[in-house]
Protein chains: 2
Amino acid sequence: MQPVTIKTIAEQLGLSIATVSRALKDSHEISQATREKVKQAALELGYQPNVNASGLRAGSSKTIAVMVPEVENHFFSQVISGIESVAREYDYHVLIYLTHEDPKKEEAFAHLLGNGRADGLLISVTHNKNGYAHLNRLSQAGFPMVFFDRLVEEVEVPHVCTNNEAISYEATSLLYQRGAKKPAFLGLDPDLFITRTRQAGYQRAVEQFDPGAIPLLFAGSGKPAQDLPRLHAFFKEHHPDGFLGAAESMALLLYELGSQENFQIPKDYQLISFTNLSAVPFLHPSLTAIVQPAFEIGKEAAELLFKVIKKKKIYPAERKRILPSCIRLAASLRASKG
Amino acid sequence: MQPVTIKTIAEQLGLSIATVSRALKDSHEISQATREKVKQAALELGYQPNVNASGLRAGSSKTIAVMVPEVENHFFSQVISGIESVAREYDYHVLIYLTHEDPKKEEAFAHLLGNGRADGLLISVTHNKNGYAHLNRLSQAGFPMVFFDRLVEEVEVPHVCTNNEAISYEATSLLYQRGAKKPAFLGLDPDLFITRTRQAGYQRAVEQFDPGAIPLLFAGSGKPAQDLPRLHAFFKEHHPDGFLGAAESMALLLYELGSQENFQIPKDYQLISFTNLSAVPFLHPSLTAIVQPAFEIGKEAAELLFKVIKKKKIYPAERKRILPSCIRLAASLRASKG
DNA sequence: TTTACTTATGCAAACGTTTACGCGGATTTT
DNA sequence: AAAATCCGCGTAAACGTTTGCATAAGTAAA
């Protein structure tokens, strides 16, 4: 069974393919009667326009690409969901690329995008010690692109992120207020935007609550198997009494550590982490979560990307969109507060 | 800056586009010298073959589609990750479609796939009281397709799933062995494959441990906002003392219920649920999890799909692939066991 | 009746690739 | 030396769609 094309319809109705094409697009050049006949036939034959043909002709694909480090992560999966909802509104399709924190993969994927497969890219980058020339090249070539969450400031592209510095400051302050004396910061690579900004908030709080203190900084890879032993060593060396996890992967890592070291939380240790896990309220020991508006980030980033794709005017203020995160207190603290 | 095509290279080197095309594909018809010149030029110019053009020509897209109810769910996100890893091996791209448990969306998406955008489909269906004619049509038309997890037996398509009946029987037995007298089954729509098979396992155990007892069955929609009040009513009416959650969404629902009804678990209630949440070991009250090999399911399903796409022989035994789930005891029980 | 203009349709080119076929020229075979 | 073979490359058609231009018929204006 060969596919039904515009030609099939044309032959069946004794019309030219040009007429059929125009009729299907409701062109005013075609008579009402013909238009209806064509549409009827298309429906009956189950005609579906070939996307490669129209894409080739139009130079577009009605597809956007999403590149993220991983999808087994509530933050990213919620972002993807937000992106998908907007894409659907615009009748666009969504390609996903998982970099698994491997900069080589990110470069390879970026290289693949210049070929008409996608009309734009939404990306949350992976740490790359060699910089982001691959993204700069893409952007310079006029390829529509928007960063979210893990952005790259050197690349001149609109972005959507959260109030990292402020919320981290607030969270660290909370650690001190609850009695922590030596709170530690657990981040990913310090060069990564989210680590840098969140660490800045942490450090500002440290300076304020404990002037002159040396910040306790742990830099993870995002891969539990690698990070756990290193976190253990970090713990043994510095004996922190509170933690700010600056990424979702850090939250689980802390729990692994806690269960092995037999933490008494919140008696001995205060735990706060960025995380979008929906099970947070039921975790034990309880966790205070910094929740990012992931779904909205996805939506806003996608809306922004479509503005770029459709070449709509983007006001300078829109180019750097900042959505606020919120701190969701652990159940134990909520109770003692009420 | 217009895109660099095969023509650009041809003009620059004074060759025909045919030669360039062949040289890029390492055709033996082209001299070594020319081949190298062409490749060098392609590299310098950053040439990327236009996928619409080659796709149109070849009638393929090097893309597969994945259709799932949602992505904010560890099971599905792990499956997607598994799929993506295989797709990458085959140099294929991955489109995602989220149905959000809406059969209308599933039908609409299925209708979109006949147009050359994807070469195959991996799908975990949504309950549809009108049946699955849309999938049957696609499959009948020769579109490569593989089901995973939520499959449809009426549609003659290979699938990958887990030992639903057996593991549910085992889990329900465990509920009884731990002292439950009236365990309840929480599933999605009873017509859905996973609900039906898991329920069968539950009922077999009920028959065995408490012959003649009436099974306590709750049918949820998968949307917490709708399900929670109904689950409350169910709880008040039947007073079950144990639960088997037959889907990841049921696990969280149980915790919501538990926190509102102030469950004492496992003193008063036994909790077992299908779930791939990585935070399970840290949940309180503790949960015994039925963990599906999600990543492997994704991998196997994708491998199967590629066999279909590449028209390789698929032995009857391969058409129904069953991977075993495993029961991960709650920490409290592990301790008392050790 | 001729001219001008509208309406409905067809022709053909173009998007970028791939590939069957053909054609010179060099090399080998008879 | 003529014939056959082969190498390296070019010409052109095809994939399915869209669209500028042409054209035919019909209608209105002069």
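Only a predicted model underlies this, so the values are computations on that prediction, with no experimental measurement involved.

Cut-off values and rules
- Residues numbered from 1 in each chain as written.
- Chains lettered and ligands numbered in written order.
- Predicted model: local features only at pLDDT ≥ 70, side-chain atom pairs only at ≥ 80, totals over all residues.
- Heavy atoms only, no water.
- Helix = DSSP H or I, 4+ residues; strand = E, 2+ residues; numbered from the N terminus.
- Buried < 20%, exposed > 50% of the residue type's maximum accessible area, 1.4 Å probe, protein only.
- Contact = heavy atoms within 4.5 Å.
- Areas by Shrake-Rupley, 256 points an atom, 1.4 Å probe, with all protein chains shown as cover.
- Lys, Arg positive; Asp, Glu negative; His and termini not counted.
- Charge placed at Lys NZ, Arg CZ, Asp CG, Glu CD.
- Near = heavy atom within 4 Å.
- Polar contact = N/O pair within 3.5 Å; in protein donor to acceptor, adjacent residues only side chain to side chain.
- Nonpolar A, V, L, I, M, F, W, Y, C, P; charged D, E, K, R; others polar.
- Pairing = 2+ DSSP bridges.
- Axes fitted to C-alpha atoms, helices over the stretch in contact; angles between N-to-C directions.
- Buried area = accessible area lost by both parts, 1.4 Å probe.
- Salt bridge = Lys/Arg side-chain N within 4 Å of Asp/Glu carboxyl O.
- Domains from an automatic or database assignment.
- Core = buried A, V, L, I, M, F, W, Y, C linked by side-chain atoms within 4.5 Å.
- Least-squares fit on C-alpha atoms with pLDDT ≥ 70 in both.
- Expected span 1.5 Å × (residues − 1).
- Patch = residues over 30% accessible without salt bridge, like charges linked within 9 Å, V, L, I, M, F, W, Y side chains within 5 Å.
- Phe/Tyr/Trp six-rings, centres within 6.5 Å; stacked < 30°, edge-to-face > 60°.
- Lys NZ or Arg CZ within 6 Å of the ring centre and 35° of its normal.

Draft legend 1. Quick peek at the overall build of chain A. In terms of helices and strands, chain A carries 14 helices and 12 strands. Dimensions of chain A, computed from the C-alpha atoms along their principal axes, are close to 85 × 40 × 40 Å. Classification of the 338 residues of chain A by burial places 54% in the buried group. Sequence separation of at least 24 residues holds for 70% of the intrachain contacts in chain A that already meet a minimum separation of 6. Element-wise, carbon and sulfur atoms account for 53% of the exposed surface of chain A, whose accessible area totals about 15,100 Å². For chain A, the centre of its 37 positive side-chain charges and the centre of its 36 negative side-chain charges are spaced 5 Å apart.

Draft legend 2. A look at the protein's contact with DNA strand C. Of all residues adjacent to DNA strand C, which total 26 residues, the nearest are T19(A), R22(A), T34(A), Y47(B) and R57(B). Counting only the atoms of DNA strand C within 4 Å of the protein, the fraction contributed by sugar and phosphate is 54%. T34(A) places a polar side-chain atom, nitrogen or oxygen, 2.8 Å from a phosphate oxygen of DNA strand C. The separation between a base nitrogen of DNA strand C and a polar side-chain atom of R22(B) is 3.3 Å. Of all elements in the fold, only α2 (17-24) and α4 (51-58) of chain A together with α2 (17-24) and α4 (51-58) of chain B reach the threshold of two or more residues within the surface near DNA strand C. No other element matches the four residues that α2(B) contributes to the surface near DNA strand C. Looking at the surface near DNA strand C residue by residue, the classes come out as 10 nonpolar, 10 polar and six charged.

Draft legend 3. Geometry of the pairing of strand β10 (residues 288-291) of chain B. Residues and elements named next belong to chain B. Alternating residues of β10 divide into T288 and I290 and A289 and V291, and every residue in both groups is buried. One ladder, built from three bridges, connects strand β9 (residues 270-274) with β10; its direction is parallel. By the bridge assignment, S273 is partnered in β10 with A289. In the sheet, β10 pairs with strand β12 (residues 326-328) via three bridges, with the strands oriented antiparallel. Residue pairing in the sheet places I290 in a bridge with I327 of β12.

Draft legend 4. A look at the sheet that holds β9(B). All names here are of chain B. The six strands lie next to each other as β7-β6-β8-β9-β10-β12, forming an open sheet whose pairing is mixed. Among the strands making up the open sheet, the edge pair consists of β7 (216-219) and β12. Strand-to-strand, the axes of this sheet are offset by a mean angle of 20°, without reference to chain direction.

Draft legend 5. Representation of the protein's contact with DNA strand D in the model. Taken together, 25 residues are adjacent to DNA strand D, and I6(A), Y47(A), R57(A), T19(B) and R22(B) come closest. The share of sugar and phosphate among atoms of DNA strand D within 4 Å of the protein is 57%. Within the backbone of A53(A), an N or O atom sits 3.3 Å from a base nitrogen of DNA strand D. Broken down by secondary-structure element, the contributors of at least two residues to the surface near DNA strand D are α2 and α4 of chain A together with α2 and α4 of chain B. Looking at the surface near DNA strand D element by element, the count peaks at four residues for α2(A).

Draft legend 6. View of the interface of chain A and chain B. In this assembly, 47 residues from chain A lie in contact with 47 residues from chain B. Buried surface at the junction of chain A and chain B, both sides included, amounts to about 4,400 Å², of which 62% is carbon and sulfur. Considering only the side of chain A, the residues that lose the most area to chain B are N52(A), R117(A) and F282(A), jointly responsible for 17% of the buried surface there. Counting every contact that joins chain A to chain B gives zero salt bridges. Linking chain A with chain B are 20 residue pairs in polar contact (both at pLDDT 80 or more). For the side of chain A that touches chain B, the secondary-structure elements that each account for two or more residues are α4, α5 (74-89), β2 (93-98), α6 (103-112) and α11 (248-261) of chain A. Top contributing element to the side of chain A that touches chain B by residue count: α5(A), with seven residues. Here the residues of the side of chain A that touches chain B are counted per class, giving 21 nonpolar, 20 polar and six charged.

Draft legend 7. Just the domain arrangement of chain A, in detail. Each assigned domain of chain A is listed here: domain 1 (6-49), domain 2 (60-161 + 294-323) and domain 3 (164-292 + 327-337). Inter-centroid distance (C-alpha atoms) of domain 1 of chain A to domain 3 of chain A is 62 Å.

Draft legend 8. Here's a closer look at the nonpolar core. Grouped together as the largest cluster of nonpolar side chains are 136 residues, with contacts concentrated most on F147(A), F243(A), F147(B) and F243(B). In terms of nonpolar packing, the next biggest core, distinct from the first, is built from 58 residues, I64(A), V86(A), V160(A) and I314(B) among them.

Draft legend 9. Quick look at the relation of the copies chain A and chain B. You can overlay chain A on chain B at an RMSD of 0.1 Å; the transform is a turn of 180° with a shift of 0.0 Å along its axis. Such a turn and shift between the copies fits a two-fold axis. A symmetric contact is evident, with 100% of the interface residues of chain A recurring at the interface of chain B.

Draft legend 10. Layout of α5(A). Residues and elements named next belong to chain A. The terminal C-alpha atoms of α5, which comprises 16 residues, lie 23 Å apart, in line with the 22 Å expected from a rise of 1.5 Å per residue. The buried count for α5 comes to 14 of 16 residues, which makes it a mostly enclosed element. For α5, the N-terminal capping position is held by N73, with its side-chain oxygen 2.9 Å away from the main-chain nitrogen of F75. After α5 finishes, the residue D91 shows a positive phi value of roughly 60°.

Draft legend 11. How the structure looks around the side chain of H93(B). Topologically, H93(B) is positioned in strand β2 (residues 93-98). On the basis of relative accessibility, which here comes to 5%, the residue H93(B) falls in the buried class. Reaching out from H93(B), the side chain makes a polar contact with the side chain of R117(A) at a distance of 3.3 Å.

Draft legend 12. Representation of a positive patch on the surface in the model. Taken together, the side chains of K25(A), K62(A), K310(A) and K312(A) make up a positively charged region of the molecular surface. As for its position among the elements, K312(A) is in the loop between α12 (294-309) and α13 (316-319).

Draft legend 13. Structural context of the packing of aromatic side chains. Under the definition given, this model contains 18 aromatic pairs over all chains. Ring geometry for F185(B) and Y202(B): centres 5.4 Å apart, planes at 35°, overall tilted. Taken as a pair, F185(B) in strand β6 (residues 183-187) and Y202(B) in helix α9 (residues 193-209) lie far apart in primary sequence, 17 residues in all. Chaining the aromatic ring pairs together yields one cluster made of Y90(A), Y92(A) and F306(A). A cation over a ring is seen here: R198(B) above F274(B), with NZ or CZ 3.8 Å from the ring centre.

Draft legend 14. Representation of the pattern of salt bridges within the structure. This model, assessed by the stated rule, comprises 21 salt bridges over all chains. The shortest N-O distance in the salt bridge between K39(A) and D26(A) comes to 3.0 Å. Here the residue K39(A) occupies a position in helix α3 (residues 32-45), and D26(A) occupies one in the loop between α2 and α3, the gap between them amounting to 13 residues. Judged by its relative accessible area of 35%, K39(A) falls in the partly exposed class. Two residues, R196(B) and E153(B), come together in a salt bridge whose shortest N-O distance is 2.2 Å. Note that R196(B) is positioned in helix α9 and E153(B) in the loop between β4 (145-148) and β5 (159-162), a separation of 43 residues in sequence. A residue is classified by how much of its surface remains accessible, and R196(B), at 35% relative accessible area, is partly exposed.

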